[in-house]
Amino acid sequence: GAVVSQHPSRVICKSGTSVKIECRSLDFQATTMFWYRQFPKQSLMLMATSNEGSKATYEQGVEKDKFLINHASLTLSTLTVTSAHPEDSSFYICSARRGTGEMDYGYTFGSGTRLTVV
Amino acid sequence: GQNIDQPTEMTATEGAIVQINCTYQTSGFNGLFWYQQHAGEAPTFLSYNVLDGLEEKGRFSSFLSRSKGYSYLLLKELQMKDSASYLCAVLGGSYIPTFGRGTSLIVHP
């Protein structure tokens, strides 16, 4: 089955530093990748949608200069949290879509990254 | 926009049956997902419905009524390991899944 690898699984960083999270589709080409954020006991909130080779589309309220998304290839997307602050501490999850026409099983989630900013 | 509503928490007894409801309002509809999520882990796919009716898959079944904007996930023969959060997600006109807040299911002996 389709596998999406997300790294790191956990990261602790100091306030003001930047953190990069990688999301790779291992056995398929992901035309679109989604980045979600989840606070404790809440649901997944979409942050941005990225298509390979083009700029990401950010949801309202998400700062594109703070959350940098790069989708340079069909198998890799990265999310960089710049100048992280404690309020950025959250669970970040990526999801990859294999392409249209496979809507039922077309979305695969990474294992998530627990970011703690101290 | 989209609005998805599901109960915050439910409790049930091991071996019993539980039904988790989800109602939605969406502009455009291309299907509804149910996911299971254990604490600190990513969601795992349970089901996808795009046509009205019941889809049965082992102990889990999912139902959809598009005219009513309603779905439910039915879990039979509950096991302790079924204690988790269950997320309803709607695929709208943009083909981007939008998630409900999730229902925390607690299964007790």
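Check the entry above for the structure.
Values in this document were obtained by computation on a predicted structure and should not be read as measured data.

Remarks on the interface of chain A and chain B
For step 1, the next point in the chain: Listed by partner, the interface residues are 20 residues for chain A and 19 residues for chain B.
For step 2, the next point in the chain: Roughly 1,500 Å² of surface becomes buried between chain A and chain B when both sides are summed, with 64% attributable to carbon and sulfur atoms.
For step 3, the next point in the chain: Across the contact surface, chain A and chain B share zero salt bridges.
For step 4, the next point in the chain: In this assembly, chain A and chain B are joined by five residue pairs in polar contact (both at pLDDT 80 or more).
For step 5, the next point in the chain: Those elements that place two or more of their residues in the side of chain A that touches chain B are strand 4 (32-38), strand 5 (45-51), strand 9 (90-97) and strand 10 (107-109) of chain A.

Brief notes about the sheet that holds strand 8 (residues 70-75) of chain B
All names here are of chain B.
For step 1, the next point in the chain: Strand order in this open sheet of five strands is 1-3-8-7-6, and the pairing throughout is antiparallel. Looking along the sheet, the strands with just one partner apiece sit at the ends: strand 1 (3-5) and strand 6 (53-57). Going from strand to strand, the sheet's axes swing by 15° on average, the running direction of each strand aside.
For step 2, the next point in the chain: Sheet topology note: the strand 7 (residues 60-65)/strand 8 ladder contains six bridges and is antiparallel. Note on strand 8: the bridge partner recorded for S61 is L74.

Analysis parameters
Residues numbered from 1 in each chain as written. Chains lettered and ligands numbered in written order. Predicted model: local features only at pLDDT ≥ 70, side-chain atom pairs only at ≥ 80, totals over all residues. Heavy atoms only, no water. Contact = heavy atoms within 4.5 Å. Buried area = accessible area lost by both parts, 1.4 Å probe. Salt bridge = Lys/Arg side-chain N within 4 Å of Asp/Glu carboxyl O. Polar contact = N/O pair within 3.5 Å; in protein donor to acceptor, adjacent residues only side chain to side chain. Helix = DSSP H or I, 4+ residues; strand = E, 2+ residues; numbered from the N terminus. Pairing = 2+ DSSP bridges. Axes fitted to C-alpha atoms, helices over the stretch in contact; angles between N-to-C directions.

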